[in-house]
Amino acid sequence: MVHEGHVDFFRQARALAPNPHLIVSVARDSIATRIKGGQPRRSESERYALLARNTLVDEVVLGQEDGYIEHIADAQPGIIALGYDQTGEYVDRLERDLTGAGLSVKVVKLTAFKPEVYKTSKLI
């Protein structure tokens, strides 16, 4: 499901650059299951298709099955925008791992948009 919170996230991310090219990375099912502790409600291919239809998104890519640095290096972003509620192993070490891989990428945590209303777990 792509709700108004996601749309606001895409708008905030696009506003970070003068000529944005927004690439959205879709977590692989195996990673989503491990991080969230249960199967995602929609498969990676369904999530990919939903995002690919969004006019604020320029490109959709599938994440790696393990790790994430090669995936980021391939995309060569200038900025990585994270959601206000993104936490966990990847987020906690992201900047350190980027530096270690020789990648100069700005990491920005975006602000919440009505999280009491627009949170996928609350809408389902």
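Residues numbered from 1 in each chain as written. Predicted model: local features only at pLDDT ≥ 70, side-chain atom pairs only at ≥ 80, totals over all residues. Heavy atoms only, no water.

Some thoughts on the overall build of the protein
Broken down by element type, the protein carries 6 helices and 4 strands. Put simply, the protein runs from its N terminus to its C terminus through helices and strands in the order α-β-α-α-β-α-β-α-β-α. For 124 residues, the compact-globule estimate of 2.2 N^0.38 gives 14 Å, and the protein sits close to it at 14 Å. With respect to the three principal axes, the spread of C-alpha positions in the protein is 40 × 35 × 25 Å. A burial count over the protein gives 27% of its 124 residues as buried. A fraction of 67% describes how many contacts in the protein between residues 6 or more apart in sequence connect residues 24 or more apart. Carbon and sulfur atoms make up 51% of the accessible area of the protein, which amounts to about 7900 Å² in all. Averaging the locations of the 16 positively and 17 negatively charged side chains of the protein gives two centres separated by 6 Å. (Helix = DSSP H or I, 4+ residues; strand = E, 2+ residues; numbered from the N terminus. Rg over C-alpha atoms; globule rule 2.2 N^0.38 Å. Buried < 20%, exposed > 50% of the residue type's maximum accessible area, 1.4 Å probe, protein only. Contact = heavy atoms within 4.5 Å. Areas by Shrake-Rupley, 256 points an atom, 1.4 Å probe, with all protein chains shown as cover. Lys, Arg positive; Asp, Glu negative; His and termini not counted. Charge placed at Lys NZ, Arg CZ, Asp CG, Glu CD.)

A word on helix α5 (residues 89-100)
In this model α5 runs 16 Å from its N-terminal to its C-terminal C-alpha over 12 residues, within 8% of the 16 Å that 1.5 Å per residue would give. If you check which residues of α5 are buried, you get Y90, L94, D97 and L98. The arc that holds every buried residue of α5, seen down its axis, measures 105°, which confines them to one face. Summarising the geometry of α5, the exposed residues directed more than 90 degrees from the buried face are D92, E95, R96, T99 and G100. Positive backbone phi, at 75°, marks G102, one or two positions downstream of α5. (Expected span 1.5 Å × (residues − 1). Arc of directions from axis to C-beta.)

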